[in-house]
Amino acid sequence: MTATPAPDREELTEEDYAYAAQTWPSALLNRVTNALIIPTWLPGEDRFWFRHEIAGGHEFVQVDAATGERRPAFDHALVARAVGAEASALPVEGLEYDGDALILCLTGRAGAVRIEADGARSDLPAPETNLIHGPGGRVAFVRDHDLWVRIDGRERRLTTDGEEHHGWAEAPDNDYDRVGRIGRDDAGLPQAMMGCFWSPDGDRLFVARVDERSIPPYPYLESIRPDGDPVPRVHHIRRKLFGDPEETRWEWYVLDVATGAQTPVEELPDGLQIQPYHCWWTPRGTVVGLVGTFAQDAAGVVEIDPATGAARIVHLEHDHMYRLNNIWFNDDNVRYLADRHELIWFSPSDGWPHLWVVDIARGSVRQLTSGEWVVQDLLHVTDRHAFFTTGGVVPGRNPYHRSLYRVDLDGEANAGLVCLTPEDADHAFPALPQGTVRREWGVQPFELRTCIAPSGRYVVDNVSRVDLPTVTLLRDVEAGTATELARADVSGLLELGWRFPEQFRTTAADGVTEMWGVIVKPRRFDEAVGWPVIERIYGGHQVLTQPRSFLEGISGSFMFGVHAMADLGFVVVVMDGPGTPVRSRAFRDLTWDQDDRFGIADHRAAIERLGRDRPWMDLRRVGVNGHSSGGYATLMCLLREPDFYRVGVVSSPALGADGSQAWITEAHFGRPDFGDGRRARTTPSERTPSHLRWDPATYVDRLDGDLLIIGGDVDEECEPALLVQFLGRLVAAGKTFDLQIMPGESHYYTTQPYYQKRLWDYFVEHVQGRVPLRHHRLEVETGQRLWET
């Protein structure tokens, strides 16, 4: 069968854009109810509350998981009178019970409100921020780079030598929002606290001191100033660039709260540093922490003697890409088990990402899970069991779909292993979607709430696929029963003619390695018509691209605006290829140290194979776009496969190695090698020969298609200077390209309507050969992001 080319139209109209805007992410989300249920369990109980969407609004429901009793979480009419809102539209984001009173967190309000049983309301002050709370009401905080404590209302200074770039318990200067924070008049605020841990008795603090004094300041030019001053302002941020000889040093101390006495922790060998996120005081009076290298090629466990500062490396592993979760932005899959003096550990050392147990005292390691499948997220641990999600356990199923499993903490590997969610679907644990999906789900924006009861007996399971609307079940994992809590209503989507994404499985360039993804089709899809193809690509080793759940299929991490773009006359492909996470170690390493580091040939092969069975995919007209690492991948698509990918829209691309942020570049491509094993440059202009084969500038002569480059002028993740330098290489090679600067923007602008329309228009003009409508403003809401990916 040969597809008939889609009829061309001379120029798009306002009606075309209005039609596409009907499937803008927020418009789609507003047509669905109960796509996601997020429970909040009462402390230590098998009861929870959740927000349930109903006709004309929502209600808050409390459920007793043991009995199945379901009742209003509170008196909605009473609360409505107290907060001045409709009972069916209460702006409640958080809820606590205090006897007969309620403590509510309300949308748009910093402080909580307290509502008594008689309806009396009192407004509570906003909680202090940037504090570390200890036992007995003790508090640690930073002032002028020094550490202070507040005990019984009295403040006392613990350190006296803190200074800028060498402060106590302060986060590093490079927080990706330094310019933005200054622009928001936050310059007077200290850096966020990091690396400060109270002992259980409140007598000592385990504290980090970050030393960035030797790191050269990196300049950012702020042209659009919030104060209206037309003169640009230069900001300097301390960050290690790839090949720089110096790096941020973490110094650790044990501080005596009563005397201020400092016990330094001994320096670790081979560039290992104690990580500031996970440290635990143990019942034995020691401190257990995680260690790693700046290049992220080693990780381990250390135990510190607070009395002497002696550090004993308990366990250490090496890998060229070592992370304690498959996905960079998810919680680390580690837990310290105080009663056992053991640590649940995460490692791909047997070829698959699995859970292990480290005996801190003995230094021995035993495997908790094993098999040719992936542990995705460690969710909950009781005194007997660990609960976690898996992928790929059942052959033939989508390996990216999550299933909830439980394993015994004692015994051999896989002891007592049981699947708690048997359906062939994605089971959303934790119950928040990836990336750009945002709506009032009943929680604070960045808060992750477990779907597992404290006892471990009951779970709330959001069951769905991209082609299966959500059904939320309350499961009794001991009895093996399930009760429906809610069901998504998608009638509003169906009335619109919305199409579910099509899940696919194909193979990479070797014809063997499986690749999975989705195809998004326009609402007016017709198999008799040939549709141009756009790939939405990322390709980095640190995050999953394709959607798994029904909600992510609407607007997941890399799905923002995809349905609306398809409605302008495209089919859009989103997939994960070799070199990416949530598969075996071998899959992840297929592209490591290869010239084609992001597996561009695999992406091309996958699309070509899809087209063999889908003649309506017009592979003569293929475009590609991506952001950040996806911007790098888009450039490499155009430069490595120029006869296939003819049009690309690149935004905030991670460019080259030299001049880029070291910790990102080293994780993607490995440490620099300047010859003879030398890891640091000796002159500012020295380039890294080992990484030239991955630098897009090396291949600019191959550019043959149409290229639009977009970048924020104060992007703190992908440096504007590198972007300008790359443009210089394009100019020197005589290449034609288009450029769009996003004024005053850092890295996170891809949900803005202006950006999305420029993206659509470029593909309409250069892939379809049609004429976009110029100077037309999309009347849609700017999207909100949960994780900045």
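Residues numbered from 1 in each chain as written. Predicted model: local features only at pLDDT ≥ 70, side-chain atom pairs only at ≥ 80, totals over all residues. Heavy atoms only, no water.

Bringing unusual backbone geometry into the picture now. Although it is not a glycine, Asp 270 sits at a positive phi angle of roughly 60°. Looking at where Asp 270 falls in the secondary structure, it is placed in the loop between strand 19 (262-264) and strand 20 (273-281). Positive phi, close to 70°, is recorded for Asn 414, a residue that is not glycine. Note on placement: Asn 414 falls in the loop between strand 30 (403-408) and strand 31 (418-419). (Helix = DSSP H or I, 4+ residues; strand = E, 2+ residues; numbered from the N terminus.)

We now examine the side chain of Glu 212. Mapped onto the elements of the fold, Glu 212 is located in the loop between strand 15 (204-211) and strand 16 (217-222). Owing to a relative accessible area of 3%, Glu 212 belongs among the buried residues under this scheme. A distance of 2.9 Å separates a polar atom in the side chain of Glu 212 from the backbone nitrogen of Asp 173. The contacts of Glu 212, once residues within four sequence positions are left out, are His 165, Pro 172, Asp 173, Asn 174, Arg 238 and Thr 248. (Buried < 20%, exposed > 50% of the residue type's maximum accessible area, 1.4 Å probe, protein only. Polar contact = N/O pair within 3.5 Å; in protein donor to acceptor, adjacent residues only side chain to side chain. Contact = heavy atoms within 4.5 Å.)

Glancing now at the sheet that holds strand 31. Ordered in space as 28-29-30-31, the four strands form an open sheet in which the pairing is antiparallel. Each edge of the open sheet is held by one strand with a lone partner, namely strand 28 (374-381) and strand 31. (Pairing = 2+ DSSP bridges.)

Below, the discussion takes up helix 9 (residues 600-613). Along its 14 residues, helix 9 runs 21 Å from first to last C-alpha, staying within 8% of the 20 Å computed at 1.5 Å per residue. Every buried residue of helix 9 is listed here: Ile 600, Asp 602, His 603, Arg 604, Ala 605, Ala 606, Ile 607, Leu 610 and Gly 611. (Expected span 1.5 Å × (residues − 1).)

What follows concerns the confidence of the model for the protein. In this model, the protein carries an average pLDDT of 92, and 94% of its residues clear a pLDDT of 70 or more. In the predicted structure, residues 435-448 sits below a pLDDT of 50 and forms 49 contacts with residues beyond four places in sequence or in another chain. (pLDDT = per-residue confidence, 0-100.)

What follows is about the nonpolar core. Ranked by internal contacts, the top residues of the largest apolar core, which has 45 residues, are Met 617 and Tyr 645. Of all elements in the fold, only strand 37 (514-520), strand 38 (529-536), strand 39 (571-576), helix 9, strand 40 (617-627), helix 10 (629-640), strand 42 (706-712) and helix 12 (720-732) reach the threshold of two or more residues within this core. Top contributing element to this core by residue count: helix 10, with seven residues. Not counting residues within four places of it along the chain, the set of residues in contact with Tyr 645 comprises Glu 535, Ile 600, His 603, Arg 604, Ile 607, Val 622, Gly 623, Val 624, Cys 637 and Leu 638. The next biggest cluster of nonpolar side chains, apart from the first, holds 35 residues, and it includes Phe 570, Leu 708, Ile 710 and Leu 778. (Core = buried A, V, L, I, M, F, W, Y, C linked by side-chain atoms within 4.5 Å.)

This part is about the pairing of strand 34 (residues 468-476). Most of strand 34 sits inside the fold, with eight of its nine residues counted as buried. Sheet topology note: the strand 33 (residues 458-465)/strand 34 ladder contains seven bridges and is antiparallel. Looking at the pairing, Val 460 lines up with Leu 474 of strand 34. Between strand 33 and strand 34, which pair antiparallel and follow one another directly, the connecting turn spans two residues. Examined bridge by bridge, strand 34 and strand 35 (residues 481-487) share six bridges and lie antiparallel to one another. Of the residues in strand 35, the one forming a bridge with Leu 473 is Glu 484. The loop that links strand 34 with its antiparallel partner strand 35 comprises four residues; one of these, Gly 480, has a positive phi angle of about 75°.

Our next topic: the sheet that holds strand 4 (residues 57-64). Across the sheet, which stays open at both edges, the four strands sit in the order 2-3-4-5 with antiparallel pairing between neighbours. Each edge of the sheet is formed by a strand with only one pairing partner; in this case those strands are strand 2 (40-41) and strand 5 (70-72).

You can see Val 210 is positioned in strand 15. Between the C-alpha atom of Val 210 and that of Trp 663, which follows or precedes it by 453 residues, the distance is 16 Å. Filtering out sequence-adjacent residues up to four positions away, Val 210 remains in contact with His 165, His 166, Gly 167, Glu 170, Ala 171, Pro 172, Thr 248, Arg 249 and Trp 250.

Further remarks concern helix 1 (residues 14-21). Owing to its 3.6 residues per turn, the α-helix brings residues three or four apart onto one side. Restricting attention to buried positions, one finds in helix 1 the residues Asp 16, Tyr 17, Tyr 19, Ala 20 and Ala 21. Taken together, the buried residues of helix 1 touch helix 2 (25-29), helix 7 (562-566) and helix 13 (753-768).

With that settled, consider the pairing of strand 20. A regular strand carries its side chains on alternate faces of the sheet. By the bridge criterion, five bridges tie strand 20 to strand 21 (residues 287-292) in an arrangement that is antiparallel. Its bridge partner being in strand 21, Gln 273 is matched across the sheet by Gly 292. Joining the antiparallel neighbours strand 20 and strand 21 is a turn of five residues, in which Gly 285 adopts a positive phi near 90°.

On to the environment of Thr 308. Along the chain, Thr 308 falls in the loop between strand 22 (298-304) and strand 23 (311-318). Linking Thr 308 and Pro 264, residues 44 residues apart in sequence, is a C-alpha distance of 7.9 Å. With residues up to four places along the chain from it excluded, the contact list for Thr 308 reads Thr 263 and Pro 264. Of note is the side chain of Thr 308, whose polar atom sits 3.2 Å from the backbone nitrogen of Ala 310.

Along the chain, Lys 757 turns up in helix 13. Overall, the relative accessible area of 8% leaves Lys 757 in the buried class. Discounting residues that sit within four places of it in the chain, Lys 757 has contacts with Tyr 17, Leu 773, His 776 and Leu 778.

This part covers the pattern of salt bridges. Close approach of charged atoms allows side chains with opposite charge to pair. According to the stated counting rule, one finds 56 salt bridges in the structure shown. Of the charged contacts in the structure, one is a salt bridge between Arg 249 and Asp 211, with a shortest N-O distance of 3.8 Å. Of the two residues, Arg 249 sits in strand 18 (residues 249-256) while Asp 211 sits in strand 15, which places them 38 residues apart along the sequence. Judged by its relative accessible area of 9%, Asp 211 is buried. When the shortest N-O distance is used, the salt bridge between Arg 457 and Asp 476 registers 2.9 Å. With Arg 457 in the loop between strand 32 (426-427) and strand 33 and Asp 476 in strand 34, the pair connects residues that are 19 residues apart, well separated along the chain. For Arg 457, a relative accessible area of 33% gives the class partly exposed. Within this structure, Glu 163, Asp 211, Arg 213, Arg 249 and Glu 251 form a network of salt bridges that share partners. (Salt bridge = Lys/Arg side-chain N within 4 Å of Asp/Glu carboxyl O.)

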